[in-house]
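Spelled out, the chains give:
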Amino acid sequence: MPANTASSLESRSFDEPDEKRRPDKTEVDVVSVSGYTLGRFRFQPGWSWAECIKPVAKTDSCQSNHVGICTGGSITVEHNDGGRITIKAGDSYSIPPGHNAWVEGDEPFEGYEFLSAAEYAKEA
């Protein structure tokens, strides 16, 4: 497995992202740091992948790999194989391709991702 390395001393703010993506009930802010792409994901109550991202992705289920940390709210992810998890604030997570997801409750979900941010919620 190749080692990941940082090539420069750098700091970036998600308040001034390189890119903003805004599908329905979705905010994805993307920054690049030392050749890595990171994303801040915010999903409003009532958000689901099937209703808000599927029209953008144009696939039957989410085909992104996700690795990140939840900093607010909660989200339930159901994999096509039937596995299901609920991710809450403070949880780190990994999610393989082939899933649907939805926000649980009345609080927005917020997470930061280290894998998937380059392409997630981009027009297909």
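Quick note: structure is the one above.
Residues numbered from 1 in each chain as written. Predicted model: local features only at pLDDT ≥ 70, side-chain atom pairs only at ≥ 80, totals over all residues. Heavy atoms only, no water.

A. Representation of the pairing of strand β8 (residues 99-103). In β8, alternate side chains face the same way, and those of His99, Ala101 and Val103 are buried while those of Asn100 and Trp102 on the opposite face are not. As paired elements, strand β5 (residues 74-79) and β8 share 5 bridges and run antiparallel to each other. Paired with isoleucine 75 across the bridge in β8 is valine 103. (Buried < 20%, exposed > 50% of the residue type's maximum accessible area, 1.4 Å probe, protein only. Helix = DSSP H or I, 4+ residues; strand = E, 2+ residues; numbered from the N terminus. Pairing = 2+ DSSP bridges.)

B. Fine view of a nonpolar patch on the surface. Nonpolar side chains collect at one region of the surface, where Val67, Ile69, Phe114 and Leu115 lie side by side and expose about 320 Å² of accessible area between them. Sorting the residues of the nonpolar patch by element identifies β4 (66-72) and β9 (109-115) as the ones contributing at least two each. Assignment of secondary structure puts valine 67 in strand β4. (Patch = residues over 30% accessible without salt bridge, like charges linked within 9 Å, V, L, I, M, F, W, Y side chains within 5 Å. Areas by Shrake-Rupley, 256 points an atom, 1.4 Å probe, with all protein chains shown as cover. Salt bridge = Lys/Arg side-chain N within 4 Å of Asp/Glu carboxyl O.)

C. How the structure looks around the environment of tryptophan 47. As for its position among the elements, tryptophan 47 is in the loop between β3 (36-43) and α1 (49-57). C-alpha separation for the pair tryptophan 47 and alanine 6, spaced 41 residues apart in sequence, amounts to 35 Å. With residues up to four places along the chain from it excluded, the contact list for tryptophan 47 reads Asp24, Lys25, Thr26, Cys52, Ile53, Ile75, Ala101, Trp102, Val103 and Tyr120. One polar contact links tryptophan 47 to threonine 26, side chain to side chain, over a distance of 2.9 Å. (Contact = heavy atoms within 4.5 Å. Polar contact = N/O pair within 3.5 Å; in protein donor to acceptor, adjacent residues only side chain to side chain.)

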